[in-house]
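Spelled out, the chains give:
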Amino acid sequence: MSDRALSVTVNYVMSIGIATLLLSVLIVSTGASIEDRREEAIRAELEVVGQRLAASIESADRLAGAGGEDVVLDVALPERLAGKAYEVQVSPGPGSPDLLLETSDPAVSVSVGFTNSTPVESKTVSGGTLRVVLADDGDLEVRAP
Amino acid sequence: MADVRDRAQLILITGLILAVSFVVLTLLLNTVIYTENLASRGVDTGGSEAIEYQTVVVHGLGELVDGENDAEHQSQSEVRERVENGTSGFNETVTASYLERGVVADVSNLSLDDGRLLRQTDPSRAFTNRTGTANWTLATGVEDTRSFVVTVSNPSGSTPGTDAFNVSLVSLGGDRWSVYVYEDGGALELAVQNVSDGSPTLDVCGPISEPARIDLTRGTVNGEPCGALVFGNGISPGAVYDIEFRRGDHIQGTYNLTVNTATAGTSVESQNFETVASGTSPYEVPAIYSAHVDVHYVTADLRYRAEVRIARGEPP
């Protein structure tokens, strides 16, 4: 009697369904955790990259302050962070962070400050090896090499 | 029911997806490790070394210029030639040591400004001129003076402005800056009168032990900074001035100063000096006032060039 309303097919469909459900949950949660990790990794890397760039700008600023007439400083930075391209906004002055580093997907942004006595030109460049130059007008400029 | 060998596809596919996910995770962690590694590296791409090299050049060539000035060469061309040769020797030595580290560090475009070194070396002689006159002028129409150091003892006269020795800068417009050295109860004291002062400020930067080494251009007394002593305080920048000693017979000691004669209108009152080195009288010899060089510093990541002026002991 206990075998009534059951068939081999129902039994099969149910076990497949339950297994699929469990495995989907597993896959989705792994994916989500990887996405979280990726975001964290990008944030940490943007911070490091930003600080290296800030240090180079400060270094160029010191050289300009020491009487430099021609200052060109290359700073080797990765082109992609955790597989994502990024942008650097240089906008010194009050009301905005000195350096804003951003990726778009996932959207992560990190701001880094620097101290300078030579004016630094506002500019947006894409990530990768960058060059800090003392331009003809006496301002420091961040450019792609 | 399917064949026994066809079972467990779902688990297999899920396992595969998870495996790929973990590989992605590992790669992600790997880039984090790389970045952390980047973070722990030095961030300076050679900026400090470039400034260090420039300091080496300024210090080295400053020593060279002062050394050749001190050697009291007889002609301007001789002192120029010595400094030029010394600079290329210095450059070769330093450049070679930087090249070993893969850095091109170089000095070029040397240009020199002529000057005159005025000095008296006998510590027991009064500050009178060659012929014994107590009130006299050392140089006129001076724009730049450096390393003006007097080492004095045995002052007589206790009232600055009336009977004490003073060294004065007097501008064309009549502005006067004076430093008095006087005696008060047996001790040597210093008074300074800036252009705007009605009377001298007495007893600055004391107590002062004898012999007192007063660096007028750097503003130090016996090596200690003296805030009240600011060379030519009140004489407008760029204005030319005469350098005078007054009551030179009220003090004794030695002095050294270098004036820039490359500027038009500056001249040393030659009749007050011997023109060859003398152990007893004040004398003047050819000297280099300042040197200009271009400093280059080039590495794989950095290019730096600066024009540097070398004139040690100028007023700040």
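Look up: the structure comes first, before these words.
Note that the structure is predicted; figures quoted are calculated from it, not measured. (Residues numbered from 1 in each chain as written. Chains lettered and ligands numbered in written order. Predicted model: local features only at pLDDT ≥ 70, side-chain atom pairs only at ≥ 80, totals over all residues. Heavy atoms only, no water.)

Caption draft 1: Spotlight on the state of the cysteines. Residue and element names in this part refer to chain B. Under the definition given, this model contains one disulfide over all chains. Between the sulfur atoms of Cys205 and its disulfide partner Cys226 the distance amounts to 1.9 Å. Its torsion about the S-S bond being 80 degrees, the disulfide of Cys205 and Cys226 is classed as right-handed. Of the two residues, Cys205 is situated in the loop between β6 (187-193) and β7 (212-215) and Cys226 in the loop between β9 (224-225) and β10 (241-246); the sequence distance between them amounts to 21 residues. (Disulfide = S-S within 2.5 Å. Helix = DSSP H or I, 4+ residues; strand = E, 2+ residues; numbered from the N terminus.)

Caption draft 2: Local environment of the packing of aromatic side chains. Residues and elements named next belong to chain B. For the coordinates displayed, the defined rule picks out 13 aromatic pairs over all chains. Here the aromatic rings of Phe127 and Phe165 are separated by 5.2 Å at their centres, their planes lie at 85 degrees, and the arrangement is edge-to-face. You can see Phe127 sitting in the loop between β1 (104-120) and β2 (136-142) and its partner Phe165 sitting in strand β4 (residues 165-171), a full 38 residues away along the chain. Neither residue differs from the other here; Phe127 and Phe165 are each classed as buried. Taking the centre distance of 5.1 Å and the plane angle of 85 degrees together, the rings of Phe245 and Tyr255 count as edge-to-face. On the criterion of sequence distance, the pair formed by Phe245 in strand β10 and Tyr255 in strand β11 (residues 252-260) is long-range, its members being 10 residues apart. (Phe/Tyr/Trp six-rings, centres within 6.5 Å; stacked < 30°, edge-to-face > 60°. Buried < 20%, exposed > 50% of the residue type's maximum accessible area, 1.4 Å probe, protein only.)

Caption draft 3: The arrangement of the side chain of Gln193 of chain B in detail. All names here are of chain B. By secondary structure assignment, the location of Gln193 is in strand β6. With relative accessibility at 17%, the residue Gln193 sits in the buried group. A distance of 3.4 Å separates a polar side-chain atom of Gln193 from the backbone oxygen of Gly198. Excluding residues within four positions of it along the chain, Gln193 makes contact with Arg176, Trp177, Ser178, Tyr180, Gly198, Ser199 and Pro200. (Polar contact = N/O pair within 3.5 Å; in protein donor to acceptor, adjacent residues only side chain to side chain. Contact = heavy atoms within 4.5 Å.)

Caption draft 4: Up close: the interface of chain B and chain A. Between chain B and chain A, the residue contacts involve 33 residues of the former and 30 residues of the latter. Together chain B and chain A conceal approximately 3000 Å² of surface at their shared face, both sides included; 67% is due to carbon and sulfur atoms. Of all residues in chain B, Leu28, Arg303 and Arg305 of chain B give up the largest surface area on contact with chain A, accounting jointly for 18% of the area buried on that side. For the pair chain B and chain A, the number of links is two salt bridges. Secondary-structure elements contributing two or more residues to the side of chain B that touches chain A are α1 (9-40), α2 (47-70) and β14 (302-310) of chain B. Residue contributions to the side of chain B that touches chain A peak at 15 residues, all from α1 of chain B. Of the residues assigned to the side of chain B that touches chain A, the class counts are 17 nonpolar, nine polar and seven charged. As defined by bridge partners, strand β1 (residues 68-75) of chain A adjoins β14 of chain B across five bridges and the pair is classed as antiparallel. Within β14 of chain B, the position partnered with Val72 of chain A by the bridge is Arg303 of chain B. (Buried area = accessible area lost by both parts, 1.4 Å probe. Salt bridge = Lys/Arg side-chain N within 4 Å of Asp/Glu carboxyl O. Nonpolar A, V, L, I, M, F, W, Y, C, P; charged D, E, K, R; others polar. Pairing = 2+ DSSP bridges.)

Caption draft 5: Broad picture of the sheet that holds β10 of chain B. Residues and elements named next belong to chain B. Pairing is antiparallel in the open sheet, where six strands are placed in the order β6-β5-β4-β10-β2-β12. For this open sheet the edge positions go to β6 and β12 (267-268), each flanked by a neighbour on one side alone. Sheet analysis places β2 next to β10, joined by four bridges and oriented antiparallel. Considered in β10, the bridge of Ala139 is made with Ile243.

Caption draft 6: Layout of α2 of chain B. Relative to the 34 Å expected for 24 residues at 1.5 Å per residue, α2 of chain B spans 34 Å between its end C-alpha atoms, a close match to the ideal helical length. A positive phi of about 55 degrees marks Glu72 of chain B, the residue just after α2 of chain B. (Expected span 1.5 Å × (residues − 1).)

Caption draft 7: Quick look at the nonpolar core. Core analysis: the largest hydrophobic core is formed by 57 residues, its most contacted members being Leu53 and Leu99 of chain A together with Tyr53 and Tyr297 of chain B. If you tally residues by element for this core, the top one is helix α1 (residues 8-65) of chain A, at 10 residues. Contact partners of Tyr53 of chain B, with chain neighbours within four places excluded, come to Asn91, Val94, Tyr98, Ala105, Asp106, Val107, Val295, His296 and Tyr297 of chain B. Formed by 37 residues, the second largest nonpolar core is a distinct cluster that contains Trp136, Val204, Ile235 and Ile243 of chain B. (Core = buried A, V, L, I, M, F, W, Y, C linked by side-chain atoms within 4.5 Å.)

Caption draft 8: Representation of the sheet that holds strand β6 (residues 108-112) of chain A within the structure. All names here are of chain A. Spatially, β6-β5-β4-β7 is the arrangement adopted by the four strands of the open sheet, whose pairing is antiparallel. Every other strand in the sheet has two partners, leaving β6 and β7 (123-126) as the edge strands with one partner each. With direction set aside, neighbouring strand axes in the sheet form an average angle of 20 degrees. Pairing geometry for strand β4 (residues 87-90) and strand β5 (residues 99-103), over four bridges, is antiparallel. Across the sheet, the residue bridging to Val88 is Leu101, located in β5. The sheet strands contacting α1 are β4, β5 and β6, and the helix crosses β6 at an angle near 30 degrees. (Axes fitted to C-alpha atoms, helices over the stretch in contact; angles between N-to-C directions.)

Caption draft 9: Inspection of the pattern of salt bridges at higher detail. Residues and elements named next belong to chain B. With the rule as written, the count across this model stands at 18 salt bridges over all chains. Across the salt bridge formed by Arg312 and Asp66, the nearest N and O atoms sit 3.4 Å from each other. On the criterion of sequence distance, the pair formed by Arg312 in the segment after β14 and Asp66 in helix α2 is long-range, its members being 246 residues apart. Glu314 is the salt-bridge partner of Arg309, the closest N and O atoms lying 2.8 Å from each other. Classification of Arg309 by relative accessible area gives partly exposed; the value is 37%. When salt bridges with common partners are traced through the structure, they connect Glu63, Asp66, Arg146 and Arg312 into a single cluster.

Caption draft 10: Looking closely at the pairing of β5 of chain A. All names here are of chain A. Across the five residues of β5, four count as buried, placing the element largely inside the fold. Pairing analysis gives five bridges linking β5 to β6, with the strands arranged antiparallel. Bridged to Thr103 within β6 is Val108. What sits between β5 and β6 in their antiparallel hairpin is a turn of four residues.

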